[in-house]
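A structural walkthrough
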2 protein chains.
Amino acid sequence: MAEDRSKREPARRPGGRTARVRRRILEAAAELIARDGIGGLRYDQVAEGAGVNKTSVYRNWPNRTALVADALATFGADAAPLHDSGDIDADLVDFLEALATATTSPEGRALLTVVASAREDPELRAIVDEVFDRRLASLRDRLQAAVERGELPAVDLSLLGTMLTGPVQLFVSRGSRTFTRADAHRVSAIVLAGVRAAADAPVTGERDADEARH
Amino acid sequence: MAEDRSKREPARRPGGRTARVRRRILEAAAELIARDGIGGLRYDQVAEGAGVNKTSVYRNWPNRTALVADALATFGADAAPLHDSGDIDADLVDFLEALATATTSPEGRALLTVVASAREDPELRAIVDEVFDRRLASLRDRLQAAVERGELPAVDLSLLGTMLTGPVQLFVSRGSRTFTRADAHRVSAIVLAGVRAAADAPVTGERDADEARH
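Cut-offs and rules
Residues numbered from 1 in each chain as written. Chains lettered and ligands numbered in written order. Predicted model: local features only at pLDDT ≥ 70, side-chain atom pairs only at ≥ 80, totals over all residues. Heavy atoms only, no water. Helix = DSSP H or I, 4+ residues; strand = E, 2+ residues; numbered from the N terminus. Buried < 20%, exposed > 50% of the residue type's maximum accessible area, 1.4 Å probe, protein only. Contact = heavy atoms within 4.5 Å. Areas by Shrake-Rupley, 256 points an atom, 1.4 Å probe, with all protein chains shown as cover. UniProt positions renumbered as here; feature names shortened; annotations may be inferred. Axes fitted to C-alpha atoms, helices over the stretch in contact; angles between N-to-C directions. Parallel < 35°, antiparallel > 145°, perpendicular 65-115°, else oblique. Nonpolar A, V, L, I, M, F, W, Y, C, P; charged D, E, K, R; others polar. Expected span 1.5 Å × (residues − 1). Bend = angle between axes of the 7 residues up to and from the residue. Polar contact = N/O pair within 3.5 Å; in protein donor to acceptor, adjacent residues only side chain to side chain. Salt bridge = Lys/Arg side-chain N within 4 Å of Asp/Glu carboxyl O. Core = buried A, V, L, I, M, F, W, Y, C linked by side-chain atoms within 4.5 Å. Phe/Tyr/Trp six-rings, centres within 6.5 Å; stacked < 30°, edge-to-face > 60°.

1. Overview of the overall build of chain A
In terms of helices and strands, chain A carries 11 helices and 0 strands. Helices (α) and strands (β) of chain A occur, in sequence order from the N terminus, as α-α-α-α-α-α-α-α-α-α-α. Buried residues in chain A amount to 49% of all 214 residues. In chain A, the proportion of contacts linking residues at least 24 apart, taken out of those at least 6 apart, comes to 62%. For chain A, the computed accessible surface area is about 10,400 Å², with 50% contributed by carbon and sulfur atoms.

This is the structure:
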């Protein structure tokens, strides 16, 4: 997995000292964003947190927006990885449970705050879109693999991703109780049963009526 | 509907001048919260926005937290009402579409921002909990009526409510495109098909294994 990921990243001596420095910088940036918000992120503090020179931060991320986006996306990908065990139901339960845990963390809460305020601010919005696009793309890839193996019917995978992660985010942002593994089971089981039932049954619901009045 | 609601509220000459004044105050407060956030809400501005004396605001809401909670809850209930036409599938489509529209409005976005930052602040958290509890209670009541009529199996109605509204909120908070009536159809159809399929089928999923190892 780690090897695959480094292959997909821009070649920058992956796996070596540079990769380790980059990771420390991203982790420090995520911590600072969680503490002070995106507006308060300062390169010298990132450098101090990562134990590197400020020039290392600037050299790797001349663009502040890219630094924020990479920090949040890396945090998300590390915290809620999407495995492919060949069993989509089981992998989704693992993913949703990890997503809930990650979203409850300081970095996760910071990301939720950014998301909520992003609509007003074009720069923030671009960051949030990119972070979500990456996460949704991973989820879509995993769902697509399940479709190709016949585990799931061919459906709108972006909507399916939203239906799986939306309840987790709402649950966690309310914070009235912990989102448990049993909750992850229930959400995943209901949504997957729903897309399978919708695909199996000759649909009589409004969905088709809306799309092709007949 | 309006008559039923006024009956449930604390008796304060419902339907009369006082009720109209209260409503104008709540609408003005919701607008100000949307513009300036909860921290910036000032009684004199609420009074000015509502066209009433400041004493009217204080007399009706001596407690600022209650004013904020009532303003946001009233906005939510007005903007996304839950009808009971006897057809749960159709009523949920109407509700989810209205919820998306309401959440996209300035007041709705303000509420999302409050939700995201509420975990850190006990007072905000209490407000958010109350607003969501009221909305979830209405949704639960409507789902419960459907269960009693045999339209839905008996399931965890709080989780079901989260599974219906969570995707809408995530969709809207990202804002990459409008949540349409067709989207409301799809979300509602998949979730309802899922709970019906999960109730019909002899479950082999992890959900039961998790709850009662057998």
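2. Side note on the UniProt feature "DNA-binding region" (unreviewed entry) in chain A
The residues that UniProt annotates with the feature "DNA-binding region" (unreviewed entry) are residues 42-61 of chain A. Here residues 42-61 of chain A runs as 75% helix and 0% strand, with 12 Å between its end C-alpha atoms.

3. Some remarks on the packing of helix α2 (residues 17-36) of chain B against helix α5 (residues 64-79) of chain B
Residue and element names in this part refer to chain B. Between α2 and α5, whose axes approach to 8 Å, the crossing angle comes to 95 degrees. The orientation of α2 with respect to α5, classified from their angle, is roughly perpendicular. Listed contacts from α5 to R23, I25, L26, A29, A30 and I33 of α2 are L67, V68, D70, A71, L72, T74 and D78. By residue class, the composition of the contact of α2 with α5 is 9 nonpolar, 1 polar and 3 charged.

4. Some words on helix α9 (residues 157-174) of chain A
Residues and elements named next belong to chain A. For α9, which comprises 18 residues, the first-to-last C-alpha distance of 26 Å matches the rise-based estimate of 26 Å (1.5 Å per residue) to within 8%. A maximum bend of about 30 degrees is found in α9 at T165, where proline P167 lies one to four positions downstream. Most of α9 sits inside the fold, with 17 of its 18 residues counted as buried. N-cap assignment for α9: the residue whose side-chain oxygen lies 3.1 Å from the backbone N of S158 is D156.

5. So, the pattern of salt bridges
All told, the structure shown has 20 salt bridges over all chains when counted by the stated rule. D183(A) is paired through a salt bridge with R186(A); the nearest N and O atoms lie 3.3 Å apart. Highlighted residues: D183(A) and R186(A), both in helix α10 (residues 181-200), separated by 3 residues, approximately one helical turn. Residue class for D183(A) comes out buried when judged on its relative accessible area of 1%. In this structure R186(A) comes out as buried when scored by relative accessible area, which is 15%. For D89(B), the salt bridge goes to R196(B), with nearest N and O atoms at 3.1 Å. On the criterion of sequence distance, the pair formed by D89(B) in helix α6 (residues 88-104) and R196(B) in helix α10 (residues 181-200) is long-range, its members being 107 residues apart. Judged by relative accessible area, D89(B) falls into the partly exposed class, the value being 25%.

6. Observations concerning the nonpolar core
Grouped together as the largest cluster of nonpolar side chains are 61 residues, with contacts concentrated most on L143(A), L152(A), L143(B) and L152(B). Contributions of two or more residues to this core are made by α6 (88-104), α8 (122-148), α9 and α10 of chain A together with α6, α8 (122-148), α9 (157-174) and α10 of chain B. Among residues more than four places away in sequence, those in contact with L152(B) are I88(B), L143(B), A146(B), V147(B), L160(B), L192(B), V195(B) and R196(B).

7. Some thoughts on the packing of aromatic side chains
Under the criterion given, the structure shown has 4 aromatic pairs over all chains. The interplanar angle of 80 degrees and the centroid separation of 5.2 Å between the aromatic rings of F171(A) and F179(A) together place this pair among those described as edge-to-face.

8. Describing α8(A)
Spanning 27 residues, α8(A) covers 37 Å between terminal C-alpha atoms, matching the ideal 39 Å at 1.5 Å per step. Immediately downstream of α8(A), the backbone of G150(A) shows phi near 80 degrees, a positive value.

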